[in-house]
Amino acid sequence: MTQDSNQFLNIATPGIANLKPYVPGKPVSDLERELGINDSIKLVSNENPLGCSEKAKAAIQAELSEMARYPDGGGFALRNALAEKHNIDSACITLGNGSNDVLDIIARVFLAPGYESLFSQYAFAVYPISSQAVGATLNMAPASNYGHDLEEMINRVGENTRVVWIANPNNPTGTWLNSDELENFVAAIPKNVIVVVDEAYIEYVAEDEYPDASLWLGKYPNLIVTRTFSKAYGLASLRIGYGLSHPDVADLLNRVRQPFNANSMALAAAEAALEDHAFIQQAVRVNREGMSQLAAGLDAMGPEYIPSVGNFITIDVGQPVEAVDKALLQEGCIARPVANYGMPNHLRVTIGLEDENRRFLSALSKVLNK
Ligand SMILES: *Cc1c(COP(=O)(O)O)cnc(C)c1O
């Protein structure tokens, strides 16, 4: 059903009525059945190709007997563990059903019709979606070289601007901002405007000048930093992420948060995963090696790509991406076309294990040289 044929469109809120329905990717099992293959590689959603920590799995096992019980609505144990990790008060933490949930809560608390939401072209799609859902005005700053043009963004802050969103690094471009650039930006934003710095991929970034914006929370009460267990921690299916902010901001976010938005399995697994530093080190190493492998392969093959510091790389396939994506599927490679981001020729591929990367490169080479 298309959006226009919906018979209840005229009674939905304008923000929701104007949203394009989200089209989820086909389940891998369906794709494989259709294509008659059973060993496809899934490099589509920036998940961890290693899976997750064994400690996280054990924590879930231990939690199973309590499945009938509601979770701890306050997420006491995980918040304490996070408070220790970040060396802040647990009153600064807002747990989310994935960090997507936290982003959504931020929009509900600080945005409404008449208020403006400011983000960059090619920035993570949730920022405009969550903003539009609550009827806010969208202000999209043109990107510079696929990255954030911070000067342009500062120029666009007006009296109605309430939330500014930055992903560092950004998905789907993999571009990043260094410490000076980003802190000068945060400092330049008026104190009555919320600045969200989304650090979904922070564990992967090894660049010297890359900032951990959570260290600035004491200086900038209008700053919210979001983190997730979906990427390097490998817990995407559990849906668990969090926001770090001034306690007064967290207080507002927690007023809107559903009391049981983080489930027991997620809370237990996340707490255990935080302890498993060896797993994160391994994930980061595999990603670094995989990134080098893919970059070298692409350099040899020819297509341009956007240099990335995340666990994915976005490739300019030099033609409308749909046909390339379809041909890759025939080869058993599932990647993510990002035409919906206004990048009609780009394909985002998640860094996989060595043999997955090799298979992707050989499939892409075959498809592009047809
Ligand atoms: C994947 C991703 C998230 C995390 O989503 P979850 O809801 O925590 O799974 C947040 N921001 C960006 C930029 C992402 O790419």
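Worth saying up front: this structure is predicted, and the values here are computed from it rather than measured.

## Remarks on the packing of helix H5 (residues 99-110) against helix H6 (residues 126-133)
- Contact geometry of H5 with H6 gives a least axis separation of 9 Å together with a crossing angle of 40°. With respect to each other, H5 and H6 are oriented oblique. Considering the relative orientation of H5 and H6, their crossing is right-handed. Residue-level inspection shows Asn100, Leu103, Asp104 and Ala107 of H5 in contact with H6, the latter providing Val126, Tyr127, Ser130 and Ser131.
- In terms of residue class, the contact of H5 with H6 is built from 4 nonpolar, 3 polar and 1 charged.

## Description of the site of the ligand
- Taken together, Gly98, Ser99, Asn100, Phe124, Asn171, Asp198, Ala200, Tyr201, Thr228, Ser230, Lys231 and Arg239 are the residues near the ligand.
- Taking Tyr201, its side chain carries an N or O atom lying 2.6 Å from an oxygen atom of the ligand.
- One of the side-chain nitrogen or oxygen atoms of Ser230 is found 2.6 Å away from an oxygen atom of the ligand.
- Burial of the ligand by the surrounding chains reaches 93%, relative to a free accessible area of 380 Å².
- The residue inventory of the shell around the ligand, partitioned by class, reads 3 nonpolar, 6 polar and 3 charged.

## Re the pattern of salt bridges
- Scanning all chains against the criterion turns up 12 salt bridges.
- The partner of Arg33 in a salt bridge is Asp30, and the shortest N-O contact between them spans 3.7 Å. Of this pair, Arg33 and Asp30 are both found in helix H2 (residues 28-35), 3 residues apart, which corresponds to roughly one turn of the helix.
- Under the relative-accessibility criterion, Asp30 is labelled partly exposed at 28%.
- Several salt bridges share partner residues, and in doing so they unite Glu199, Asp212 and Arg227 into one network.

## What about a negative patch on the surface?
- On the surface, Asp180, Glu181, Glu207, Asp208 and Glu209 cluster together into a negatively charged patch.
- Looking at where Asp208 falls in the secondary structure, it is placed in the loop between strand E6 (194-198) and strand E7 (223-228).
- The exposed category is assigned to Asp208, whose relative accessible area is 75%.

## Digging into the nonpolar core
- Judged by nonpolar contacts, the single largest core of 51 residues is most densely connected at Leu78, Phe185, Phe229 and Leu235.
- Here this core gets 7 residues from one element, more than from any other, and that element is helix H10 (residues 264-275).
- Counting contributing residues per domain, this core is built from domain 1 (3-51 + 278-368) and domain 2 (54-275), each supplying no fewer than three.
- The residues touching Phe229, leaving out its near neighbours within four places in the chain, are Leu78, Leu82, Gly234, Leu235, Ala236, Ile240, Gly241, Tyr242, Ala270 and Leu274.

About the cut-offs
- Residues numbered from 1 in each chain as written.
- Predicted model: local features only at pLDDT ≥ 70, side-chain atom pairs only at ≥ 80, totals over all residues.
- Heavy atoms only, no water.
- Axes fitted to C-alpha atoms, helices over the stretch in contact; angles between N-to-C directions.
- Helix = DSSP H or I, 4+ residues; strand = E, 2+ residues; numbered from the N terminus.
- Parallel < 35°, antiparallel > 145°, perpendicular 65-115°, else oblique.
- Left-handed = near helix turned anticlockwise from the far one by under 90°.
- Contact = heavy atoms within 4.5 Å.
- Nonpolar A, V, L, I, M, F, W, Y, C, P; charged D, E, K, R; others polar.
- Near = heavy atom within 4 Å.
- Polar contact = N/O pair within 3.5 Å; in protein donor to acceptor, adjacent residues only side chain to side chain.
- Areas by Shrake-Rupley, 256 points an atom, 1.4 Å probe, with all protein chains shown as cover.
- Salt bridge = Lys/Arg side-chain N within 4 Å of Asp/Glu carboxyl O.
- Buried < 20%, exposed > 50% of the residue type's maximum accessible area, 1.4 Å probe, protein only.
- Patch = residues over 30% accessible without salt bridge, like charges linked within 9 Å, V, L, I, M, F, W, Y side chains within 5 Å.
- Lys, Arg positive; Asp, Glu negative; His and termini not counted.
- Charge placed at Lys NZ, Arg CZ, Asp CG, Glu CD.
- Core = buried A, V, L, I, M, F, W, Y, C linked by side-chain atoms within 4.5 Å.
- Domains from an automatic or database assignment.

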